[in-house]
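Here is how the chains run, residue by residue.
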Amino acid sequence: MRRNFLVTLILTVTLGIVAAVAAQMPNLFHPNTLEGVRVAIVRDSREVELSIHGIYRLRDMPSGKVIGRGNYLAYSKVRLLAHGILMGLNVYPSKRLTIEPARDASIIIDGRPFRGQVTFIRTLDNHITVVNNINVEDYIKGVLKHEVSHHWPMEALKAQAVAARTYALYSINPSDKPYDVTNDIYSQVYGGRDSENYRTDLAVDYTRGQVLTYNNQIIPAYYHATCGGMTEDARELWNVPDMPPLKGVPCSFCQNSPHLHWKKNFRLKDIQDALNFHGYKAGTIKDISIVDRDRSDRIDHLKITQKNGQELIIRGKDFRDLMGPNVINSNNYEIVMKGYYVDLIGIGWGHGVGMCQWGALGMALQQFNYRQILSYYYPQSALMDYHDIPIGEPPKPQTAISQ
């Protein structure tokens, strides 16, 4: 009788442990939530380096079928084959393959660790695009250190966290496009887990869930490095909604920015080549002059006079874009002709719309809090928790945020 009791007890305990472990297995993995942002971390590559530190499973998309599992994946190459995706020593018959890591696991892509899930996508031209599907708060933690210095006052960091979160959620694309944002200056610079920092993480946590809205809709919270005296009306640059939070405001807070003044020298031949490359059919350039400026003093139109007497009128924004937004720092400059060369002498850095980051620093140093900073640069906006926003589809952004 005693022996039977012990056997029964052992079986009961053992089965209980097995049941408990089985019950916990689904909780090992990150749940899919509506709070995820899809970030393109690799685009159009021939191969990708991959390793996985921890338990993971592989899921074919869009069928959702689990087609692989593992406890650890050493350094491997991911390549495309005719019948699927080669990952390590295995070929998976899938066009979209998602890695779902356990909660404490890490996916390492090209030497950089990432939180959340990662999807490998075969593009139409047989290249690999890699998308990181990550909770928005973790995404912002991977952004902030690239956008502002983690040494800045906490109120400036909190303002940046709200602006970055707002732009990310505004950019979520419900269409068939495989990602919402990219990991570069054309969206927001994102570096994954290695880019997280104690102070910038605190700024994200302090403002968790907070976004900027207008009429109960998330706004495109553009920002830039240094406005140089006045921010820009978004409608001057892009086809975006005309709303008070995107109107330009005077700014005297960025006067200590290292990007306040700049000077660039160009050969006229290089400008001619850039114009022709972008389809303007320009001849030899004799002169470049400013036609008009907008209310923020940024150049609205330029006139390019050729040696044959023909004139080309081009928008200041378009000229900056074709020469390179990181080549011409801003659209606020003077022109000095020097024979076969031209000097552009300007102020500010970036497109000028929305929050001036060095202005936010200046305001924080003058003891303004992050709510006051955001209210100043996004007039008539309201700060809300995005969970409380009525469901609706806002218009989508038309351009990069931080150029």
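This write-up is about the structure you can find in this document.

Another point: the pairing of strand β22 (residues 341-347). In this structure, strand β17 (residues 261-267) lies alongside β22, joined through 7 bridges in antiparallel fashion. Bridging from a neighbouring strand, K264 pairs with L344 of β22. Both strand β21 (residues 333-338) and β22 contribute to a ladder of 6 bridges, which runs antiparallel. Bridging across to β22, V336 finds its partner in D343.

A few words on the packing of aromatic side chains. Counted according to the given criterion, the structure contains 9 aromatic pairs. Aromatic pair F253 and F368: ring centres 6.0 Å apart, planes at 75°, arrangement edge-to-face. Within this pair, whereas F253 is found in the loop between β16 (223-224) and β17, its partner F368 is found in the loop between α8 (357-365) and α9 (370-377), the two being separated by 115 residues in sequence. Of the residues examined, F253 reaches a relative accessible area of 17% and is grouped as buried. Connected via pairs of aromatic rings, a cluster forms that spans F253, F368, Y376 and Y377.

Turning our eyes to something else, we now look at the packing of α8 against α9. Where α8 contacts α9, the two axes come as close as 10 Å, and the packing angle between them is 135°. Compared by their axis directions, α8 and α9 come out oblique. The way α8 lies across α9 gives a crossing that is right-handed. Residues G359, A360, M363 and A364 of α8 form the contact with α9, whose participating residues are Q372, I373, Y376 and Y377. Broken down by class, the residue content of the contact of α8 with α9 amounts to 6 nonpolar, 2 polar and no charged.

Once that is clear, we can look at the sheet that holds strand β24 (residues 382-385). For sheets, the rule is that strands pair by backbone hydrogen bonds, running either parallel or antiparallel. Pairing in this open sheet of 3 strands is antiparallel, and the strands run β15-β14-β24 from one edge to the other. Looking at which strands have only one partner, the edges of the open sheet turn out to be β15 (217-218) and β24. By the bridge criterion, 4 bridges tie strand β14 (residues 210-214) to β24 in an arrangement that is antiparallel. Each bridged residue has a counterpart across the sheet, and for T213 the counterpart in β24 is A382.

For the structure shown, the criterion picks out 1 cavity of 30 Å³ or more. Lining the largest cavity are E232, E236, L237, D294, R298, I299, D300, R315, K317 and N331. Across the lining of the largest cavity, the residue classes tally to 2 nonpolar, 1 polar and 7 charged.

The subject of this paragraph is the environment of N183. Within the element layout of this structure, N183 appears in the loop between β13 (181-182) and α5 (198-206). With relative accessibility at 17%, the residue N183 sits in the buried group. The residues touching N183, leaving out its near neighbours within four places in the chain, are V39, A40, I41, R112, Q188, V189 and Y190.

Rules and cut-offs
Residues numbered from 1 in each chain as written. Predicted model: local features only at pLDDT ≥ 70, side-chain atom pairs only at ≥ 80, totals over all residues. Heavy atoms only, no water. Pairing = 2+ DSSP bridges. Helix = DSSP H or I, 4+ residues; strand = E, 2+ residues; numbered from the N terminus. Phe/Tyr/Trp six-rings, centres within 6.5 Å; stacked < 30°, edge-to-face > 60°. Buried < 20%, exposed > 50% of the residue type's maximum accessible area, 1.4 Å probe, protein only. Axes fitted to C-alpha atoms, helices over the stretch in contact; angles between N-to-C directions. Parallel < 35°, antiparallel > 145°, perpendicular 65-115°, else oblique. Left-handed = near helix turned anticlockwise from the far one by under 90°. Contact = heavy atoms within 4.5 Å. Nonpolar A, V, L, I, M, F, W, Y, C, P; charged D, E, K, R; others polar. 1 Å grid on protein atoms, 1.4 Å probe; cavity = no way out; pocket = protein on both sides within 12 Å on 5 of 7 lines; lining within 4 Å. Points joined across faces, edges and corners; volume = space filled by probe spheres on them.

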